[in-house]
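# Structural overview
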Amino acid sequence: PFPRRFLTSKEQFHAYLRAGGEEKEEEKEEKEEEEQVSSAQSEPPAKRVKAEELGQDGESPGDAGEEEKERPEKKRARGQNKSRPCMKPNSYEQSRLCPSVTQGCAGLCHFGPRCRFLHDVSEYLAAKPADLGQRCVLFDTFGRCPYGVTCRFGQAHLGDGHQNLVNAALAQQWEGKLLVRNGLSKELQQQLRKRKFSFCKAEEFLRGLRAGKGGKGSGGSMEVSNCTAPQEGLGDSPSSQGGEGAPSIPTLGPLTDEDITKLRPCEKKKLEIQGKLYLAPLTTCGNLPFRRICKRFGADVTCGEMAVCTNLLQGQSSEWALLKRHHTEDIFGVQLEGAFPDTMTKCAELLNRTIDVDFVDINVGCPIDLVYKKGGGCALMTRSNKFEQIVRGMNSVLDVPLTVKIRTGVQEKVNVAHKIIPRIREWGAAMVTLHGRSREQRYTRSADWEYIAECARLASPMPLFGNGDILSYEDANRAMQMGVSGIMIARQVQGGVLGALIKPWLFTEIKEQRHWDISSSERFDILKDFTNYGLEHWGSDTQGVEKTRKFLLEWLSFLCRYIPVGLLEHLPQKINERPPYYLGRDYLETLMASQNVDDWIKISELLLGPVPPSFTFLPKHKANSYR
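Since we're looking at a predicted model, the values are computed, not measured.

## Topic: the overall build of the protein chain
For the protein chain, the helix and strand inventory stands at 27 helices and ten strands. For the protein chain, with 627 residues in total, the buried portion stands at 49%. Taking the contacts inside the protein chain whose residues are at least 6 apart along the sequence as the reference set, 72% of them involve residues at least 24 apart. Total accessible area on the protein chain stands at roughly 30,900 Å², and carbon and sulfur atoms take up 49% of it.

What follows is the structure, encoded as structure tokens:
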């Protein structure tokens, strides 16, 4: 779909980038001549290129085929780079300052002389790398940078004697405001690690399962589908339900019926998101700063990255970080992955009591082997008894709606979603999202929207969202005409190309019904906003800067697949299309089109300064780059 004047070879492409965008006038004239010649020829460009490859010596196609056989077959890179070097962000800094010194209370270090961090600010500053800029986004936004002398933009807010300056007027505006919720407190982490957290509702449901009351088809004593049936535990106070080990729940003001009466299924908060744009949970790249970018461009519903229920129950900080919610995310959910009703039900109760979400989603669409072989993800579609117990159990302990994400099936030509969806509705789920591919297909071929439409009719009156191959407003319009309640933008978990990652302004295009020929400078401003959000979220010290860089590079491995609208002869771009080598309308546009890791690092250096001497990066997916 490219005009010939933009196309180039791999060697010319990288020579242009190495030259810093300085192209010779002779090359420009040659391209214009080629464009004129190609417009006069009727033969398609693909065939002309193939003919040129055969040579001008009159070599026959048969001879060329023999030569091709002799060449080693080029194997397509697929899957994950499982053996990629794991360089943690905190390893880039040899000498770190004790957090107690950063917070201005050096005398209160709990480890005393055994502390492995530095307490001498002068010694730390002597080894600290040079600052990366003259302005600190935390100081400019909030009036105070909590990282003090460790901030890599410290010259913006450090006064005499390395004193951390504060803009009192600006800091007062943010005082008392909770910008990010759903953090893991030390007290809760200790309870989980010592197994002292009380799962009273989950244990009650699991006792019913063991007694044979929660099995297949029976619904169990915890599942009441109508509001006239009696409810167990009515009138019990929150403190009495947990037994002796349950912590007391502090209350403010008088108790209401909601405090002491268990909600019936029909009284739960409804998930009113029909017709809204739903940003899919994206592993690695669907972090909080990226969701803020998508929210700014018009995403209505956001969801955290897939979290493993067993890791959450163990109190792992890295897993709990996936549940964090920014205050701008007005409709937010979390996605859980698990294979057994006991861990999933307990995790649902844990989240119901400790974090603020609008819905909880079960991942029954993850195709990767690590999850599938343990019985989670797509494997639950073949384990109907466990699947039912998980949905019923989680629904019984949650006060918010429960949703499920599934695929068409496990095997490529054996669709089973149409059989499962009516049962999911009976089990109590509030919504289903269907990805129009099977596990074996992963992200190859096109999504089956005819099948999604069939399943949407079977799911009624339960809402069904469709997912797959949405990269333009035309794709979104065709999807909505299929009768689905809404569309999920981007594909979930591992592999494939992802719509929102390729162009996060897709939400704006859908809402405004237009193709946005976004310039390279506008795209660079988006990356700049992402780095600012990353520094706010992960910190402006060396560790935070390198963590922001890591996630920026992962995102750039997808952004490079975007083809600018102004370069296309035929709109829109298809989601499975890999762009050929082309020269953009300016140097920055060409640089952003590179699939070379070194060029992504160059972009990160424009935003976050030079990389550390020992820096190394390899993207998560093999098909995403080369060196």
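## Section: the UniProt feature "domain: C3H1-type" (unreviewed entry) in the protein chain
As annotated by UniProt and renumbered to match this structure, "domain: C3H1-type" (unreviewed entry) occupies residues 92-122 and 135-160. Spanning residues 135-160, this segment combines 23% helix with 0% strand, and its end C-alpha atoms are found 17 Å apart.

## Focus on the confidence of the model for the protein chain
Scored by pLDDT, the protein chain has a mean of 82; 77% of the residues are at 70 or more. With pLDDT under 50 throughout, residues 491-497 is counted as low confidence; its partners more than four residues away or in other chains account for 35 contacts.

## What to know about the pairing of strand S6 (residues 359-364)
Of all six residues that make up S6, six are buried, and the element is covered over most of its length. Alternating positions in S6 separate into two faces, Phe 359, Asp 361 and Asn 363 on one and Val 360, Ile 362 and Val 364 on the other, with burial throughout. The sheet contact formed by strand S5 (residues 332-337) and S6 spans four bridges and is parallel. Within S6, the position partnered with Val 334 by the bridge is Val 360. Of the strand pairs in this sheet, S6 and strand S7 (residues 402-407) are connected by five bridges, and their pairing is parallel. Bridge pairing in S7 places Asn 363 opposite Lys 405.

## Topic: helix H13 (residues 288-296)
Where burial is concerned, most of H13 is hidden: eight out of the nine residues are buried. Here H13 has its buried residues at Leu 288, Pro 289, Phe 290, Arg 291, Arg 292, Ile 293, Cys 294 and Lys 295. N-cap assignment for H13: the residue whose side-chain oxygen lies 3.1 Å from the backbone N of Phe 290 is Asn 287. Of the residues flanking the end of H13, it is Gly 298, one or two places downstream, whose phi is positive at about 120°.

## Description of helix H1 (residues 10-18)
Listing the buried residues of H1 in full gives Phe 13, His 14, Tyr 16 and Leu 17. The arc that holds the buried residues of H1, viewed along the axis, is 155°, so those residues lie on one side. Facing away from the buried side of H1 by over 90 degrees, the exposed positions are Glu 11 and Arg 18. Check the buried side of H1 and you find it contacts helix H26 (587-592) and helix H27 (597-608). Of the residues flanking the end of H1, it is Gly 20, one or two places downstream, whose phi is positive at about 75°.

## Remarks on the pattern of salt bridges
Counting across every chain of the model gives 23 salt bridges. Ionic pairing is found between Asp 525 and Lys 528, a salt bridge with its closest N-O pair at 3.9 Å. With Asp 525 and Lys 528 both in helix H24 (residues 520-538), this residue pair falls three residues apart, about one helical turn. Looking at Asp 525, the relative accessible area reads 39%, which means it is partly exposed. A relative accessible area of 38% means that Lys 528 is categorised as partly exposed. Each of Arg 181, Arg 325, Asp 356 and Asp 358 takes part in a single network of salt bridges with overlapping partners.

## Points about the packing of H24 against H27
Look at H24 against H27: their axes get within 10 Å of each other, and the N-to-C directions meet at 65°. Viewed along their axes, H24 and H27 form a crossing whose handedness is right-handed. Side by side, H24 and H27 meet where Phe 524, Leu 527, Lys 528, Thr 531 and Leu 535 of the first sit next to Ile 603, Leu 606, Leu 607 and Leu 608 of the second. Of the residues assigned to the contact of H24 with H27, the class counts are seven nonpolar, one polar and one charged.

## Quick word on the nonpolar core
If you look at the biggest cluster of nonpolar residues, it comprises 134 residues, and the most contacted ones within it are Phe 387, Met 394, Val 404, Ile 406, Leu 464 and Ile 487. At eight residues, helix H25 (residues 542-559) tops the list of elements feeding residues into this core.

## Observations concerning the packing of aromatic side chains
The way to describe two aromatic rings as a pair is by their centre distance and the angle between their planes. For the structure on display, the rule yields twelve aromatic pairs. For the ring pair Tyr 16 and Tyr 587, a centre distance of 6.3 Å and an interplane angle of 45° mean the geometry is tilted. Remark: Tyr 587 occurs in helix H26 and Tyr 16 occurs in helix H1; sequence separation between them is 571 residues. Seen in terms of ring centroids, Phe 197 and Phe 199 are 5.0 Å apart; in terms of plane orientation they differ by 55°. Their pairing is tilted. According to the relative accessible area criterion, Phe 199 is buried, its value standing at 14%. Through successive ring pairs, a cluster of aromatic residues spans Tyr 278, Phe 359 and Phe 465. Seen from the ring of Trp 174, Lys 177 lies directly overhead, with NZ or CZ sitting 5.5 Å from the centre.

## Quick notes on the sheet that holds S5
Taken together, the eight strands give an open sheet; going across it, the order is S2-S10-S9-S8-S7-S6-S5-S3, and neighbouring strands pair in parallel fashion. A strand with exactly one partner marks an edge of an open sheet, and here the two such strands are strand S2 (277-279) and strand S3 (302-308). Here the average twist between neighbouring strands, direction ignored, is 25°. Pairing geometry for strand S9 (residues 464-467) and strand S10 (residues 486-489), over three bridges, is parallel. Each bridged residue has a counterpart across the sheet, and for Gly 466 the counterpart in S10 is Ile 487. The strands that H13 touches are S2, S3 and S5; relative to S3, the one it contacts most, it runs at about 155°. Together, S5 and S6 form the strand contacts of helix H16 (residues 341-354), whose direction differs from that of S5 by roughly 155°.

Calculation notes
- Residues numbered from 1 in each chain as written.
- Predicted model: local features only at pLDDT ≥ 70, side-chain atom pairs only at ≥ 80, totals over all residues.
- Heavy atoms only, no water.
- Helix = DSSP H or I, 4+ residues; strand = E, 2+ residues; numbered from the N terminus.
- Buried < 20%, exposed > 50% of the residue type's maximum accessible area, 1.4 Å probe, protein only.
- Contact = heavy atoms within 4.5 Å.
- Areas by Shrake-Rupley, 256 points an atom, 1.4 Å probe, with all protein chains shown as cover.
- UniProt positions renumbered as here; feature names shortened; annotations may be inferred.
- pLDDT = per-residue confidence, 0-100.
- Pairing = 2+ DSSP bridges.
- Polar contact = N/O pair within 3.5 Å; in protein donor to acceptor, adjacent residues only side chain to side chain.
- Arc of directions from axis to C-beta.
- Salt bridge = Lys/Arg side-chain N within 4 Å of Asp/Glu carboxyl O.
- Axes fitted to C-alpha atoms, helices over the stretch in contact; angles between N-to-C directions.
- Left-handed = near helix turned anticlockwise from the far one by under 90°.
- Nonpolar A, V, L, I, M, F, W, Y, C, P; charged D, E, K, R; others polar.
- Core = buried A, V, L, I, M, F, W, Y, C linked by side-chain atoms within 4.5 Å.
- Phe/Tyr/Trp six-rings, centres within 6.5 Å; stacked < 30°, edge-to-face > 60°.
- Lys NZ or Arg CZ within 6 Å of the ring centre and 35° of its normal.

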